[in-house]
Amino acid sequence: MTEHVEWSEPEATAAPANAAVTPADAADAARLVAFGLQPKLQPARDQEYADLLRRYREDPPFARLADAVATGLGLIVLEVSPRAGMAVTAAEDSVFAVRMGDYARRTSADGGDRFLHGLAHLAVAATAFPRPEDLADDGYIGRVTVNGVDAFVRQSCHRLEERAAEQGENTDPASDAPGLESAWRIWARRSATGATKDARRLAGSTTGIVAKAVSFLTDSGFLQRTGDDNGGTYRTTARYQLQVRDMAGGAALAELLELGVVPVTDGTPTLLPPEDTDDLELVADAGLPFHSA
């Protein structure tokens, strides 16, 4: 586990309540937010970052100033700590917001794949943190693999198909039907790896879609690659745990977990047999780590 910067208790000498904010204070606050926008930067490896985090904790007026800078940029502060740094996420109207449609367009010419990319991100989160206590435990590290996430989604597809058949629903809708309700059906029909002359994984295959998702999360500082087994192995970071906490109330993530097909695991693609649960329908775009517009 990564060693974290240790903070001592704040000194009793606090800044006067009526102290004026100086341009230097504003610059330092903006600098702290800028550090927070560099997701791969670890406070333990940057002394200036660690010093500004310490000041945030020990100097309430400075903390309020940094929060105000973040708010003005359309950012939501999730946590400020040695383990996560200044962890921020973008509000819907922020210039830093990543939108699912833009993400999907960068990965495929087929706009219908948008829901598959969203489902991949949802499945990574569900596989990494399958229990509420995992999200609550700051020391918990989730582990996922590309093949494991794909296997999880396919098992979920099988469970949802069983439910649809039991309820007499159409189990083979048009492939361009909107929403995650159709996405699981499209996923089940899509090749896991595809085929090329040199045996490379196709970007439009389901493991290709998962690989794109985990690559994006790695570039964003949410995951760290740890190996090449099972299509690629990854471990979660504190920032990702905070991000998933923020989306944990979303209906789609809750419903994937309710299917009961993912155990607490070391990230290998071994799934528990599905258990009977109350019937639920997936909600399009609910709980995704993207904005829908």
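Heads up: these notes are all about the structure in this document. (Residues numbered from 1 in each chain as written. Predicted model: local features only at pLDDT ≥ 70, side-chain atom pairs only at ≥ 80, totals over all residues. Heavy atoms only, no water.)

1. Overview of unusual backbone geometry
Stage number 1. The residue Asn 230 is not glycine, and still its phi comes out positive at about 55 degrees.
Stage number 2. Secondary-structure assignment places Asn 230 in the loop between β4 (223-227) and β5 (233-236). (Helix = DSSP H or I, 4+ residues; strand = E, 2+ residues; numbered from the N terminus.)

2. Considerations on the environment of Glu 161
Stage number 1. By the element assignment, Glu 161 lies in helix α7 (residues 146-166).
Stage number 2. Glu 161 sits in the partly exposed class, given a relative accessible area of 36%.
Stage number 3. Sequence separation between Glu 161 and Arg 185 is 24 residues, and the spatial gap between their C-alpha atoms is 7.8 Å. (Buried < 20%, exposed > 50% of the residue type's maximum accessible area, 1.4 Å probe, protein only.)

3. Describing helix α3 (residues 60-72)
It helps to recall that an α-helix has 3.6 residues per turn; residues three or four apart then point in one direction.
Stage number 1. Here α3 contains 13 residues, and its C-alpha end-to-end distance of 18 Å stays within 8% of the 18 Å for a straight helix at 1.5 Å per residue.
Stage number 2. Along α3, the positions that sit buried rather than exposed are Phe 62, Ala 63, Leu 65, Ala 66 and Ala 70. With its buried residues spanning 160 degrees around the axis, α3 presents them on a single face. Every exposed residue of α3 that faces more than 90 degrees away from the buried side is listed here: Arg 64, Thr 71 and Gly 72.
Stage number 3. Among the structural elements, α1 (23-36), α2 (47-58), β1 (75-81) and β2 (85-90) are those in contact with the buried residues of α3.
Stage number 4. Of the residues one or two after α3, Gly 74 is the one with positive phi, at around 75 degrees. (Expected span 1.5 Å × (residues − 1). Arc of directions from axis to C-beta. Contact = heavy atoms within 4.5 Å.)

4. Observations regarding the pairing of β1
Stage number 1. Sheet topology places β1 next to β2; six bridges connect them, and they run antiparallel. Within β2, the residue paired with Val 80 across the bridge is Met 86.
Stage number 2. Adjacent in sequence and paired antiparallel, β1 and β2 are bridged by three residues. (Pairing = 2+ DSSP bridges.)

5. Some remarks on the pairing of β5
Stage number 1. In β5, alternate side chains face the same way, and those of Thr 233 and Arg 235 on one face and Tyr 234 and Thr 236 on the other are all buried.
Stage number 2. Pairing geometry for strand β3 (residues 143-145) and β5, over three bridges, is antiparallel. Across the sheet, residue Val 144 finds its bridge partner in β5, namely Tyr 234.
Stage number 3. Relative to β5, β4 runs antiparallel, the two being bridged by four bridges. The residue bridging Gly 227 from the neighbouring strand is Thr 233, located in β5.

6. Describing the packing of aromatic side chains
Stage number 1. Within this structure, the stated rule accounts for four aromatic pairs.
Stage number 2. Here the aromatic rings of Phe 35 and Tyr 49 are separated by 4.8 Å at their centres, their planes lie at 20 degrees, and the arrangement is stacked. Of the two residues, Phe 35 sits in helix α1 while Tyr 49 sits in helix α2, which places them 14 residues apart along the sequence. For the pair Phe 35 and Tyr 49, one class covers both residues: buried.
Stage number 3. Taking the centre distance of 5.9 Å and the plane angle of 50 degrees together, the rings of Phe 129 and Tyr 140 count as tilted. Note that Phe 129 is positioned in the loop between α5 (114-128) and α6 (132-136) and Tyr 140 in the loop between α6 and β3, a separation of eleven residues in sequence. Grouping residues by exposure puts Phe 129 and Tyr 140 together as buried.
Stage number 4. An aromatic cluster of at least three residues, connected via ring pairs, comprises Phe 129, Tyr 140, Phe 222 and Tyr 240.
Stage number 5. Above the plane of the ring of Phe 62 lies Arg 55, whose end atom (NZ or CZ) is 4.1 Å from the centre. (Phe/Tyr/Trp six-rings, centres within 6.5 Å; stacked < 30°, edge-to-face > 60°. Lys NZ or Arg CZ within 6 Å of the ring centre and 35° of its normal.)

7. Observations concerning the environment of Ala 70
Stage number 1. One can find Ala 70 in helix α3.
Stage number 2. Given a relative accessible area of 0%, Ala 70 falls into the buried group.
Stage number 3. Apart from the residues within four sequence positions on either side, Ala 70 is in contact with Val 33, Leu 75 and Val 77.

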